[in-house]
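One letter stands for each residue in the lines below.
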Amino acid sequence: MIELLTPTEMQRVDRLAIADGSPGIALMERAGAQVAEAILRHFAGARDVLVLCGSGNNGGDGFIAARHLAEAGMHVRVMSAVAREALAGDAALAAQAWSAPLERLSTDHGRPDLIVDALLGAGLRRDVAGPLAAVIDAVNTSGSPVVAVDLPSGIDGATGAIRGCAIQARQTVTFVRCKPGHFLLPGRELCGERLLFDIGISDATVDEIGAGTFANRPTLWQAHWPAIAHDRHKYDRGHVGVVTGGATATGAARLAIRGAFRTGAGLVTALAPAEAAFVLAPALEGPMLRIADTADDLQKLVAERKISAVVIGPGTGVGEGTRKNVLGILATDAAVVLDADALTSFEGEASLLLAALRQRPRPTVLTPHAGEFHRLFRGLLPDAGSKLDLCRHAARQANAVVLFKGADSVVAAPDGRASIADNAPPWLATAGAGDVLTGIIAGLLAQGMPAFEAASAAVWIHGKAAADFGPGLIAEDLPDQLPSILRSFVRPWRDDDPLRVD
Ligand SMILES: NC(=O)C1=CN([C@@H]2O[C@H](COP(=O)(O)OP(=O)(O)OC[C@H]3O[C@@H](n4cnc5c(N)ncnc54)[C@H](OP(=O)(O)O)[C@@H]3O)[C@@H](O)[C@H]2O)[C@H](O)CC1
Ligand SMILES: [K+]
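Every value quoted in this text rests on a predicted model; they were computed, and no experiment measured them.

## Regarding the domain arrangement of the chain
Moving on, step 1. Domain boundaries assigned for the chain yield domain 1 (7–211) and domain 2 (218–489).
Moving on, step 2. Inter-centroid distance (C-alpha atoms) of domain 1 to domain 2 is 41 Å.
Moving on, step 3. Contacts between the two partners involve seven residues from domain 1 and, on the opposite side, ten residues from domain 2.
Moving on, step 4. Of the roughly 700 Å² buried between domain 1 and domain 2, counting both surfaces, carbon and sulfur atoms make up 65%.
Moving on, step 5. It is F183, L184 and R188 that lose the most area in domain 1 upon contact with domain 2, and together they represent 64% of the buried surface on that side.
Moving on, step 6. One can count one salt bridge joining domain 1 with domain 2.

## With respect to the packing of aromatic side chains
Moving on, step 1. In this structure the tally under the stated criterion is seven aromatic pairs.
Moving on, step 2. The interplanar angle of 65° and the centroid separation of 5.1 Å between the aromatic rings of W221 and F489 together place this pair among those described as edge-to-face. With a gap of 268 residues between them, W221 in helix α9 (residues 218–221) and F489 in the segment after α20 (478–486) connect regions that are remote in the sequence.
Moving on, step 3. By relative accessible area, F489 is classed as buried at 5%.
Moving on, step 4. With centroids separated by 5.0 Å and ring planes inclined at 45°, the aromatic side chains of F373 and F377 adopt a geometry described as tilted. Of this pair, F373 and F377 are both found in helix α16 (residues 370–377), four residues apart, which corresponds to roughly one turn of the helix. Summarising the burial analysis for this pair, F373 and F377 share the class buried.
Moving on, step 5. In this structure an aromatic cluster arises from ring pairing among W221, W225, W460 and F489.

## Re the UniProt feature "binding site: AMP" (unreviewed entry) in the chain
Moving on, step 1. Taking the numbering used here, the UniProt-annotated feature "binding site: AMP" (unreviewed entry) corresponds to K405, G406, A407, D408, S409 and G434. Spatially, the listed residues are clustered: although they cover 30 residues, their C-alpha atoms lie within 14.0 Å of one another.
Moving on, step 2. The residue G406 is located in the loop between β15 (401–404) and β16 (410–412) in this model.
Moving on, step 3. Using a relative accessible area of 40% as the deciding quantity, one classes G406 as partly exposed.

## Details of the coordination of the potassium ion (ligand 2)
Moving on, step 1. At the metal site, the potassium ion (ligand 2) is ligated by N58 (OD1), D117 (O), L120 (O), V149 (O), L151 (O) and S153 (OG), and these contacts range over 2.6 to 3.2 Å.
Moving on, step 2. Angles of 65 to 170° at the metal separate the six donor atoms of the potassium ion (ligand 2), which places the site in the irregular class.
Moving on, step 3. Binding-site remark: the potassium ion (ligand 2) is held by donors from one chain whose sequence spacing is N-x58-D-x2-L-x28-V-x1-L-x1-S. Of this pair, N58 sits in helix α3 (residues 57–71) while D117 is found in strand β4 (residues 114–118), placing the two residues 59 residues apart along the sequence.
Moving on, step 4. N58 gets classed as buried once you look at its relative accessible area, which sits at 10%.

## What to know about the site of ligand 1
Moving on, step 1. Around ligand 1 sit 23 residues, and of these D14, S55, D61, G121 and D150 come closest.
Moving on, step 2. Between ligand 1 and the protein, one listed contact pairs an oxygen atom with a side-chain N or O atom of N58 at 2.8 Å.
Moving on, step 3. Isolated, ligand 1 exposes 940 Å² of accessible area, and the fraction of that covered by the protein chains is 80%.
Moving on, step 4. For the shell around ligand 1, the element with the highest residue contribution is α3, accounting for three residues.

## Structural notes on the sheet that holds strand β1 (residues 48–53)
Moving on, step 1. With respect to topology, seven strands assemble into an open sheet ordered β3-β2-β1-β4-β5-β6-β7, the strand pairing being parallel. For this open sheet the edge positions go to β3 (103–104) and β7 (193–197), each flanked by a neighbour on one side alone.
Moving on, step 2. Looking at chain direction, strand β6 (residues 171–175) and β7 are connected through five bridges and run parallel. Residue pairing across strands places F175 opposite F197, the latter belonging to β7.

## Points about the sheet that holds strand β17 (residues 418–420)
Moving on, step 1. Spatially, β8-β17-β16-β15-β14-β13-β12-β9-β10-β11 is the arrangement adopted by the ten strands of the open sheet, whose pairing is mixed. The outermost strands of the open sheet, each flanked by one partner alone, are β8 (213–215) and β11 (288–291). Here the strands of the sheet are splayed against their neighbours by 20° on average, with no regard to which way each runs.
Moving on, step 2. The sheet contact formed by β8 and β17 spans three bridges and is parallel.

## Topic: the nonpolar core
Moving on, step 1. Membership of the largest hydrophobic core comes to 104 residues, with the highest contact counts inside it found for W221, W225, V240, L338, L366, L445 and I461.
Moving on, step 2. Among the elements that make up this core, the one with the highest residue count is helix α19 (residues 451–469) (eleven residues).
Moving on, step 3. Residue contributions to this core reach at least three from each of two domains, namely domain 1 (7–211) and domain 2 (218–489).
Moving on, step 4. A31, C53, V149 and L195 belong to the second-largest nonpolar core, a separate cluster that totals 45 residues.

## A short note on the packing of helix α2 (residues 24–42) against helix α4 (residues 89–96)
Moving on, step 1. It is the contact of α2 with α4, at a shortest axis distance of 9 Å, that shows an interaxial angle of 55°. Considering the angle they form, α2 stands oblique to α4. Here α2 and α4 pass one another in a crossing that is right-handed. Here G24, I25 and M28 of α2 come into contact with α4, specifically with D90, A91, L93 and A94.
Moving on, step 2. Taken together, the residues that form the contact of α2 with α4 break down as five nonpolar, one polar and one charged.

Definitions and cut-offs
Residues numbered from 1 in each chain as written. Chains lettered and ligands numbered in written order. Predicted model: local features only at pLDDT ≥ 70, side-chain atom pairs only at ≥ 80, totals over all residues. Heavy atoms only, no water. Domains from an automatic or database assignment. Contact = heavy atoms within 4.5 Å. Buried area = accessible area lost by both parts, 1.4 Å probe. Salt bridge = Lys/Arg side-chain N within 4 Å of Asp/Glu carboxyl O. Phe/Tyr/Trp six-rings, centres within 6.5 Å; stacked < 30°, edge-to-face > 60°. Helix = DSSP H or I, 4+ residues; strand = E, 2+ residues; numbered from the N terminus. Buried < 20%, exposed > 50% of the residue type's maximum accessible area, 1.4 Å probe, protein only. UniProt positions renumbered as here; feature names shortened; annotations may be inferred. Donors = N, O, S within 2.8 Å, 3.2 Å for Na, K, Ca; no water. Tetrahedral: all angles 85-135°; square planar, octahedral: opposite > 155°, others 65-115°. Near = heavy atom within 4 Å. Polar contact = N/O pair within 3.5 Å; in protein donor to acceptor, adjacent residues only side chain to side chain. Areas by Shrake-Rupley, 256 points an atom, 1.4 Å probe, with all protein chains shown as cover. Pairing = 2+ DSSP bridges. Axes fitted to C-alpha atoms, helices over the stretch in contact; angles between N-to-C directions. Core = buried A, V, L, I, M, F, W, Y, C linked by side-chain atoms within 4.5 Å. Parallel < 35°, antiparallel > 145°, perpendicular 65-115°, else oblique. Left-handed = near helix turned anticlockwise from the far one by under 90°. Nonpolar A, V, L, I, M, F, W, Y, C, P; charged D, E, K, R; others polar.

In structure tokens form, the structure reads like this:
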């Protein structure tokens, strides 16, 4: 159940299910019953419940939930955005089965123990304004906990954006599959706890849609996890090269090195300018050190040392030197992770970078945070769009996997696949955490994991490492959290496993 379906895709799934013999009203009956069941389980002490119903099928789910809650003994009032006669289709049928009076939707809610938000769901079509916006504001300031049906009203299910204003829910009950808007910020925050229920639509029906967006979970990438066999030596486990900054700027690269080493790369080499050698040498034990002052030196080392994945960007400085080194590295056969200064060095010259990426046949991952993303792609992408849309566009343009970092990190591949993560705790936003992430990605690429899966896996593992550690985390703690997480992914060698990316 890891696909994320946009409201449009969900409508197509609904239509397929209805065509296959599940009447819409039967789906709605199950949806409304699940909402009631969730409330009875999680808000068992609630006595007075107010259900707010909109004019569409989201409201229909609300009428059915109201009936079940009343049957369970709760005192239920229903406010409707429209009169019964104005309802159509399944929502009209659902309202018929609610025999008590309907109140007109207003801001006069009192202080019920619980409010059920069934105003707007997948059918949100424009910004919320006027009387409906006033109702949403009144709900948010009422102090009553809110259970949202499908989506908090006002949240765009495709993008997670607030359209005008939106409900802040304590819990959101959704059906069949989560939507991107449940994962992307700010939507995720407004959902509160998210509960997903089956309403009788089969996985085969969902498969027919061919969804390309996924929740970032181990099930998305675990099948591609690098294998370990006892008869392989360290060279079979890949060799990561990390380009470092000068004598006073090697910390970021060292974090990447530790991330790569802990992720299981057999060898890790710091590729450093000569001036940094005496600073780095005492700071490295397992990882090796090689001197590279120019793009030529880097290219030669990658070839001679059979380096299978290179990280460049953390601490390398912004400017001509890094630009040349990036272009040099992109011309090698190694998999490449471009981060930080490697991206910012192409600000205003993105076409240079994109030209090199487009003709490159090897795996490449770009890992911008929001600032780096917008600096690099300014003018090259549509002006408006969700983080998911923009990341997909960028991946297509760059012919590379793009990891758009943040609390809702998105990974997109040039073929259109995308993952969205929701497991990063707030304390992961700390200096150097991104450097460790580049190392984890490179460590997985070096062991032969494909780029989309490697970037998605790294994001999830990075978030899990931070969550496991807890508050007080600094980037230096992240690599040491990895072994206990990686343990659960170890799998035996298969004969068709790649030895390494080259
Ligand atoms: N498989 C499932 O997941 C099922 C989900 N169900 C529920 O159905 C809704 C989707 O129902 P739908 O009728 O398509 O849409 P909504 O009820 O969310 O909204 C449509 C009505 O809302 C009006 N609207 C739209 N935007 C606004 C706005 N900004 N302000 C005010 N009103 C708005 C719209 O009016 P129009 O004038 O635009 O026509 C509609 O009247 C889904 O979310 C689930 O809860 C089903 O139960 C079946 C299975
Ligand atoms: K809703």
